[in-house]
Amino acid sequence: MSFSQPTRRAFLQGGAAAFGVANLMGSTALASIDPNSHANRVFHATHFGPFEAVVRDGKLVNISSMTEIDAQPTEMLSYGIKDRTYDKSRINYPMVRKSYLAGWESGDIKPELRGKEEYVRVDWDTAWGLAAKALLDTATNHGNEAIFSSSYGGWSNAGSFRPNVLQGRLLNLMGGCTNTQGDWSAGASQISLPHIIGDMEVYSAQSAWETIRDEGEVFVLVGCDPIKNNRIEYRVADHGMYAHWKSIRDAGVKFISINPQRTASDEYLDADWVRIVPNTDVALFLGMAHHVLENGLEDRAYMDRYTVGADKWIAYVNGETDGEAKTPEWAAGITGIDADKIRELAELFATSNTNIAGAWALQRAQHGELTHWAIVNFAALTGKIGKPGCGVGFSWHYGNGGMPASGKSTPSGMSQGRNWVKGVVPASRITDALENPGKEVFYNGNTHTYPDIKVVFNAGNNFMSHQQDTNRLIRALEKVETIISVDVWWTAAVRWADIVLPAASTLEQDDITSGGTYSNDKVYAMKKVIEPIGESLPDYEIFEGLADKLGLWAQFTDGEDKMYHIRQAYEKSSAAEHTPFEEFWEKGYAFMEVPEEARKWTRHGAFYEDPEGNPLHTTSGKIEMYCEDFKKYEIDDMPAMPIWLEKHEYLGNAKEGQLHVVSPHPWFRLHSQMDQSESLRDLYKVQGREPVRINSQDAADRGIENGDLVELFNDRGTVIAGAVVSDDIMQGVVSIYEGAWPQLDSKGRCNSGLVNFLTSTQRSSGLSQATTANTVLCYMRKCEDPEGPNMAYEKPPIIEDMEIAAIDEDKLGLDRIYDITDKLFADMGPGEKIFYERCTVCHGPREPSHFSQQQWKGITPSMFPRAGLDESEAALVMEYLMENASDAM
């Protein structure tokens, strides 16, 4: 195929597309409610909510929240957005690490100096050229599988044209790359639950809140904190559930919270707090199950009709298979909960209309797959799943779970196209993959071989703050030849990069998104508010420029500018059926109606009403209390039913003085996003470090007082944090939020408080290979020798004025792209084409063979409506998926 096609330069010289760019760019919002407001306001939307940006003389001066579409704006919106836009941590120019720039021809790039040496300011042409060369060197010499995308998750911003999407499109045009599969949020349960209950569940809509208010009697929060975690959204937060939680509480529903620490939700919902040893929830539900069985409170008729394998699990609970009955006394010795309390809870849950909400945090642990499964089995044992006001839900704390769903199509971004590399690296096993090229790893029913990674391409993702055992990751990255990072700020993932491509923030570019991960009832314009800071570029223009270097500009852009693609994305949404694009863009948002019947929807209700007509997408079509699929895998640490398995490190085997560390999602951040906001840090940091919540007795035993700096340490690393002494956390447990930006002092301690210097790369199991971030022990002592203030938010050393010779493009070998791309082109069938162009789902795979037929059947009912497929299109895609699923052969 010939690539003598239009270039980016020719396109820019010829003028942008005729669509009314200038007119639309300058449009403003409606000044919210006040018609006398300062007129220079522009509508925008983020993970933290929709708002009007107040602009004076081309500068963002304030944020005006819009309570008519955001019920409860947070400080992240009012302070954080403005702070981080102009923060000193912004990357203002393209950068290349000094030794990499000096050695790009010779290969003497000194990877051991990553994170230590200065960067050199370069122009965009140099940065694009070196990045293009690194990609082509790798594809040519080692194959595309040696290019690794660490851009998992898509949380960088709320837009449809976020950087990981654009990166995927570009890399797939040149043959693809090795991607991560799964994620950090719910990596264990998203793999196990489709086998157990026929759906991921962790990313599924919850029962409509009115059903809980009207039919529910008891609501159990197992590690679940919706008041905190729903402050942010994967798309755009509107905080719509907050008033409804209050309605549920005021209607008399009793809340029980099972958690090592008391939460904001416990306070808001007036919940009874039951302290539990971390990672022992399975033992609790087994102990309750034993009491239910002993007192005849189980629902045998329900299990007979709706489940398989109940008798095998019941035999285990009663001790018939291993000689040890899982009595409340047995469970008390593991969980730290009094046996009488376990009996009380068992009777309350069994005899009430009970809904059990399990947090994702529960399965971020060794054997994490078993925790949600134990909850499912207990709920099935007592006959709750599918009944109004009852059941299980593993996403109440996310996406405003409980809001009724519109069922409408949302805007879709650019097609990813086909990734010709079929191998994957499980998201939490990046370090393992870097250390062990060629190693075979079993994941989700398939065996994969780790590639020999030469290039890490990271776009809009701070994987250096996500991955466990950060010191081990830093060492593993030394074998990589090139790390390319696209970001707005100097996050950890950028500070260990070789080539740095500075992205504009979302306020500095146009985009489009939707509101409500589950409700899907709004479409939002993310309108450009100000010009890009420094020489940063919108993500689209960054990848457009790189595509141009690679000779793929026409294929990447379709010869159109970004605004054309935004319009096309909008036209695929249901909002376009009643609101023209120009009207939508002028106002900033459009609503999509939620049908009245959605307000009475109960999760698994159709299955409960007619299990034969609406079977679950499990092998049996029923809830699998014992799963033959897992038995066939014969995985040592993934049994065929939820049983108690001791953890490699937890309070049950801790040494004297050790504490269990839990690391929940932050209150004032989205993972690591917003950590650079000085105004927000002033609200919660302790002496500039991440706060750690400590039981008052644990603090007294170590001579620690509120506000002291402390060291948390184990054989993996040490972090310095600020003490928050409290009686609202159980003795033996400390809680430190995940996501802090790191800064290492001369002793190798994280002077900022990033918990992942403590966490372990231990896998959850051989089934999902997921993270065990909440299975970790440490010691604690007062910090007597901090080395100055936390410098995590300062720029690295930068050489601004080095004279750099222009790179001879002949030495880059860019023409090699033709040899690569000529081998790629093959005819796609109609279903395959629709899948790659339109079928995207949060956290779902991008390759059909990464899911089984049953798993695809379980996820497509939510995927197809979002993609806006009609019946014939859905049939074509399903045919393609069934022919190419992991078990299709």
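None of the values given here were measured: they were computed from a predicted structure. Each residue is numbered by its place in its chain's sequence as written, counting from 1. Residues qualify for local features only when their pLDDT is at least 70, as the model is predicted, and side-chain atom pairs are given and counted only at 80 or more; totals for whole chains, interfaces and linings, by contrast, use all residues. Processing note: side-chain calculations cover all non-hydrogen atoms of the structure and skip hydrogens and water entirely.

(A) Summary view of the overall build of the chain. Strands here are runs of E lasting at least two residues and helices are runs of H or I lasting at least four, both read from the DSSP assignment and numbered beginning at the N terminus. For the chain, the count of helices and strands is 34 helices and 30 strands. Over its C-alpha trace the chain gives a radius of gyration of 27 Å, about what one expects of a compact globule, namely 29 Å for 889 residues. Considering only C-alpha atoms, the chain reaches an extent of 80 × 65 × 65 Å along its principal axes. Exposure classes here rest on a 1.4 Å probe applied to the protein chains alone. A residue is buried below 20% of its type maximum, exposed above 50%, and partly exposed in between. Burial status across the chain gives 65% buried among its 889 residues. Contact definition: two residues touch when any of their heavy atoms are within 4.5 Å. For the chain, the proportion of contacts with a sequence separation of at least 24, taken over those separated by at least 6, is 77%. As a reference, a globule follows 2.2 Å times the number of residues to the power 0.38, and the radius of gyration itself is taken over C-alpha atoms.

(B) Expanded view of the packing of helix H5 (residues 124–142) against helix H22 (residues 539–549). Orientation is described by lines fitted to C-alpha atoms, with helices fitted over the stretch in contact, and by angles between N-to-C directions that extend from 0 to 180 degrees. Here H5 crosses H22 at 65 degrees, and the two axes come no closer than 9 Å. Taken as a pair, H5 and H22 cross one another with a handedness that is right-handed. Along the contact surface, H5 presents Trp124, Asp125, Trp128, Gly129, Ala131, Ala132 and Leu135, while H22 presents Glu541, Ile542, Gly545, Leu546 and Lys549. A class-by-class count of the residues in the contact of H5 with H22 yields seven nonpolar, two polar and three charged. For a crossing to be left-handed, the near helix must be turned anticlockwise from the far one by less than a right angle; the clockwise case is right-handed. Following the grouping adopted for this structure description, the nonpolar residues are Ala, Val, Leu, Ile, Met, Phe, Trp, Tyr, Cys and Pro, the charged ones are Asp, Glu, Lys and Arg, and the polar ones are all others, Gly among them.

(C) How the structure looks around helix H3 (residues 75–85). Within the sequence span of H3, burial applies to Met76, Leu77, Gly80, Ile81, Arg84 and Thr85. Burial along H3 is one-sided: seen end-on, the buried residues are contained in an arc of 120 degrees. Buried residues along H3 sit against strand S1 (41–46), strand S2 (49–56), strand S3 (59–65) and helix H28 (678–684). Think of a polar contact as two N or O atoms within 3.5 Å of one another; within protein, one of them needs to be a possible hydrogen donor and the other a possible acceptor, and neighboring residues in sequence only count if both atoms come from side chains. The backbone nitrogen of Met76 lies 3.2 Å from a side-chain oxygen of the residue at the head of H3, namely Thr74. Relevant arc is that of directions from the helix axis to the C-beta atoms, nothing else.

(D) Quick peek at the pairing of S1. Along S1, six of the six residues are buried, which leaves the element largely enclosed by surrounding structure. Across the two faces of S1 the burial is the same, with Arg41, Phe43 and Ala45 and Val42, His44 and Thr46 all buried.

(E) Quick look at the sheet that holds strand S19 (residues 499–502). Strands were regarded as paired on the criterion that DSSP finds at least two bridges between them. The sheet built from seven strands is open, its strands ordered S6-S17-S18-S19-S4-S5-S30 with mixed pairing. The open sheet terminates on both sides in strands that have one partner only, identified here as strand S6 (147–149) and strand S30 (798–799). Alignment of strand S4 (residues 95–97) against strand S5 (residues 119–121), held across three bridges, turns out to be antiparallel. Along S5, the bridge assignment pairs Arg97 with Tyr119. Packing of H5 onto the sheet brings it into contact with S4, S6, strand S17 (455–459), strand S18 (482–487) and S19, and relative to S19 it is tilted by some 130 degrees. Docked against the sheet, helix H6 (residues 163–173) engages S6 and S17, running at close to 140 degrees with respect to S17.

(F) Summary view of the side chain of Ser573. Among the secondary structure elements, Ser573 is positioned in the loop between helix H24 (562–571) and helix H25 (581–587). Engagement of the side chain of Ser573 in a polar contact is seen with the backbone oxygen of Tyr570, the distance being 2.7 Å. If sequence neighbours within four positions are ignored, Ser573 has contacts with Ser409, Thr410, Pro411 and Val523.

(G) Looking closely at the environment of Leu712. Structurally, Leu712 can be placed in strand S26 (residues 709–714). Overall, Leu712 belongs to the buried group, its relative accessible area being 0%. Put simply, Leu712 and Leu758 are 46 residues apart on the chain and 7.9 Å apart in space, counted from C-alpha to C-alpha.

(H) Up close: the side chain of Gln743. For Gln743, the position within the fold is in the loop between strand S28 (733–736) and strand S29 (777–782). Gln743 sits in the buried class, given a relative accessible area of 17%. Among the polar contacts made by the side chain of Gln743, one reaches the main-chain amide nitrogen of Met791 at a distance of 2.9 Å. Residue contacts for Gln743: discarding those within four places in its chain leaves Arg749, Cys750, Asn751, Ser752, Pro789, Asn790, Met791 and Ala792.

(I) Summary view of the packing of aromatic side chains. Only Phe, Tyr and Trp rings take part, Trp by its six-membered ring, and two of them pair if their centres are within 6.5 Å. Stacked means planes under 30 degrees apart, edge-to-face means over 60, and tilted covers everything else. Per the counting criterion, the structure on display carries 38 aromatic pairs. Between Tyr540 and Phe556, the ring centres sit 5.8 Å apart and the planes meet at 40 degrees, which makes this aromatic pair tilted. Of this pair, Tyr540 sits in helix H22 while Phe556 sits in helix H23 (residues 553–557); the two residues are 16 residues apart in sequence, bridging distant segments of the chain. As far as burial versus exposure is concerned, Tyr540 and Phe556 are alike and both buried. A network of ring pairs unites the aromatic residues Trp155, Tyr203, Tyr234, Trp360, Tyr398 and Tyr518 as a single cluster. To sit over a ring, a charge needs its Lys NZ or Arg CZ within 6 Å of the ring centre and within 35 degrees of the ring normal. The positively charged end of Arg275 is found above the aromatic ring belonging to Trp273, 3.9 Å away from the centroid. The side chain of Arg418 reaches across the aromatic face of Trp420, ending 4.4 Å from its centre.

(J) Up close: a negative patch on the surface. There is a patch of like negative charges on the surface, built from Asp808, Asp810, Asp815, Asp819 and Asp822. Summarising the element assignment, Asp822 is placed in the loop between helix H31 (816–821) and helix H32 (830–838). Taking the relative accessible area as the measure of exposure, Asp822 reaches 42% and is therefore partly exposed. Patch membership is restricted to residues that have no salt bridge and whose relative accessible area is over 30%. Joining uses 9 Å for like charges and 5 Å for the nonpolar side chains Val, Leu, Ile, Met, Phe, Trp and Tyr. Exposure was quantified through the Shrake-Rupley algorithm and a 1.4 Å probe, taking into account, for residues, occlusion by the shown protein chains and nothing else. Salt bridges are defined by distance alone: a side-chain nitrogen of Lys or Arg within 4 Å of a carboxyl oxygen of Asp or Glu. Charge counting follows a simple rule: Lys and Arg are positive, Asp and Glu are negative, and His as well as the terminal groups are ignored. Charge positions come from single atoms, namely NZ of Lys, CZ of Arg, CG of Asp or CD of Glu.

(K) Looking closely at the pattern of salt bridges. Applying the stated criterion across every chain yields a total of 60 salt bridges. Across the pair Lys133 and Asp137 runs a salt bridge, and its minimum N-O distance is 2.5 Å. Within this pair, Lys133 and its partner Asp137 are both found in helix H5, separated by four residues, close to a single helical turn. Across the pair, exposure class does not vary: Lys133 and Asp137 are buried alike. Note that Glu210 is salt-bridged to Lys600, the shortest N-O span being 3.2 Å. Taken together, the positions of Glu210 in helix H8 (residues 209–215) and Lys600 in the loop between strand S22 (589–591) and helix H26 (605–609) put the pair 390 residues apart, joining distant regions of the chain. Under the relative-accessibility criterion, Glu210 is labelled buried at 14%.

(L) Molecular detail of the environment of Pro388. Structurally, Pro388 is set in the loop between helix H17 (369–381) and strand S13 (391–393). Using a relative accessible area of 40% as the deciding quantity, one classes Pro388 as partly exposed. It is 7.4 Å that separates the C-alpha atoms of Pro388 and Gly605, two residues lying 217 residues apart in sequence. Once you skip the residues sitting within four places of it in the chain, Pro388 turns out to touch Glu215, Asn353 and Thr602.

(M) Inspection of the sheet that holds strand S20 (residues 511–515) at higher detail. Here three strands make up an open sheet; going across it, the order is S20-S21-S22 and the pairing antiparallel. Single-partner strands in this sheet number two, and they are S20 and S22. Strand-to-strand twist across the sheet, computed as the mean angle between neighbouring axes with direction ignored, equals 15 degrees. Looking at chain direction, strand S21 (residues 522–526) and S22 are connected through three bridges and run antiparallel. Bridge pairing links Val523 to Ala590 in S22. Across the sheet, H24 lies against S20, S21 and S22, angled at about 25 degrees from S20, the strand it touches most.

(N) Spotlight on the confidence of the model for the chain. A residue's pLDDT is simply how confident the predictor is in it, with values from 0 to 100. Taken over all residues, the pLDDT of the chain has a mean of 93, while the share at 70 or more is 94%. The low-confidence segment residues 1–5, where pLDDT is below 50, has twelve contacts with residues more than four positions distant or belonging to other chains. Across residues 14–28 the pLDDT falls below 50, and counting only partners more than four positions away or on other chains, this stretch makes 23 contacts in the model.

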